[in-house]
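Letter by letter, the chains look like this.
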Amino acid sequence: MQSTADIQAVFKRETVLKQIKTKLQERIKLPETVSTRSIAGMFDIKKSLGNGKSSFIEINGRSDTPEKAVEVVNTVTEMLLTYHQAIFAEAEKMFNTEVKSIVKNKEKIQKD
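Note that the structure is predicted; figures quoted are calculated from it, not measured. (Residues numbered from 1 in each chain as written. Predicted model: local features only at pLDDT ≥ 70, side-chain atom pairs only at ≥ 80, totals over all residues. Heavy atoms only, no water.)

Let's talk about the overall build of the protein chain
Here comes step 1: When helices and strands are counted, the protein chain shows four helices and two strands.
Here comes step 2: In sequence order, the protein chain lays out its α and β elements as α-α-α-β-β-α.
Here comes step 3: Compactness check: the protein chain gives a C-alpha radius of gyration of 20 Å against a globular reference of 13 Å for 112 residues, more than 25% above the reference.
Here comes step 4: A principal-axis box enclosing the C-alpha atoms of the protein chain has dimensions of 70 × 35 × 20 Å.
Here comes step 5: The 112 residues of the protein chain split such that 23% are buried.
Here comes step 6: A separation of at least 24 residues holds for 42% of the contacts in the protein chain among residues at least 6 apart in sequence. (Helix = DSSP H or I, 4+ residues; strand = E, 2+ residues; numbered from the N terminus. Rg over C-alpha atoms; globule rule 2.2 N^0.38 Å. Buried < 20%, exposed > 50% of the residue type's maximum accessible area, 1.4 Å probe, protein only. Contact = heavy atoms within 4.5 Å.)

What follows is the structure, encoded as structure tokens:
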């Protein structure tokens with residue numbers, strides 16, 4: 001599980017901000033001249049109050065219209081989900097490799 005600070009750090013990276021910029025240029029017609037610094041100012045990711053058992057994050061977006069602000073939030077959310085999917089896919093791959101190894105060792109022991 002990643003902390004909110006870790007997630008915030010990822011979304012401050014220049015490469016991630018450039019990806020967000022590219023997606024927003026398509027969705028809300030941002031000019032090419034918008035800087036990644038401006039992109040970083042278009043959203044916040046912060047820890048939100050949970051029920052004590054779970055942690056939540058809150059993503060807020062800003063733009064010149066409410067509809068564009070929603071697109072900012074949707075874009076950041078999609079990027080976050082893709083990022084986590086990549087992390088969990090790698091963890092799942094490692095887990096499956098370990099399980100296969102354990103099963104093979106168990107089969108070998110049973111044969112001996």
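Description of the side chain of Lys-21
Here comes step 1: Checked against the element boundaries, Lys-21 lands in helix H2 (residues 14-28).
Here comes step 2: The buried charged residue Lys-21 lacks any salt bridge partner; its closest oppositely charged side chain belongs to Glu-32, at an N-O distance of 4.6 Å.
Here comes step 3: Once residues within four sequence positions are removed from consideration, Lys-21 is found in contact with Glu-32, Val-34 and Ile-39. (Lys, Arg positive; Asp, Glu negative; His and termini not counted. Salt bridge = Lys/Arg side-chain N within 4 Å of Asp/Glu carboxyl O.)

Here's the deal with the pattern of salt bridges
Where charged atoms from two side chains of opposite charge come close, those side chains can pair.
Here comes step 1: Here the structure, examined in full by the defined rule, presents three salt bridges.
Here comes step 2: Notably, a salt bridge pairs Glu-78 with Arg-27, separated by 2.6 Å at the nearest N-O pair. With Glu-78 in helix H4 (residues 66-111) and Arg-27 in helix H2, the pair connects residues that are 51 residues apart, well separated along the chain.
Here comes step 3: The exposure class assigned to Glu-78 is partly exposed, which follows from its relative accessible area of 36%.
Here comes step 4: The exposure class of Arg-27 is partly exposed, given its relative accessible area of 32%.

Comments concerning unusual backbone geometry
Here comes step 1: Backbone geometry at Lys-29 places phi at a positive 60 degrees, although glycine is not the residue there.
Here comes step 2: Along the polypeptide, Lys-29 turns up in the loop between H2 and helix H3 (36-40).

Regarding the side chain of Thr-4
Here comes step 1: If you trace the backbone, Thr-4 turns up in helix H1 (residues 4-10).
Here comes step 2: If we skip the residues at most four places from it in the chain, Thr-4 touches Lys-46, Lys-47 and Ile-57.

Points about H2
Here comes step 1: Helix length check: H2, at 15 residues, gives a terminal C-alpha distance of 20 Å against a target of 21 Å (1.5 Å per residue), a fit within 8%.
Here comes step 2: Along H2, the residues that are buried comprise Val-16, Leu-17, Ile-20, Lys-21, Leu-24, Gln-25 and Ile-28.
Here comes step 3: Buried residues in H2 make contact with H1, H3, strand E1 (43-48) and H4.
Here comes step 4: Two residues or fewer past H2, Lys-29 is found with a positive phi of approximately 60 degrees. (Expected span 1.5 Å × (residues − 1).)

Here's the deal with a nonpolar patch on the surface
Here comes step 1: On the surface, a nonpolar cluster with roughly 250 Å² of combined accessible area is contributed by Phe-95, Val-99 and Val-103.
Here comes step 2: Structurally, Phe-95 can be placed in helix H4.
Here comes step 3: Classification of Phe-95 as exposed rests on a relative accessible area of 53%. (Patch = residues over 30% accessible without salt bridge, like charges linked within 9 Å, V, L, I, M, F, W, Y side chains within 5 Å. Areas by Shrake-Rupley, 256 points an atom, 1.4 Å probe, with all protein chains shown as cover.)

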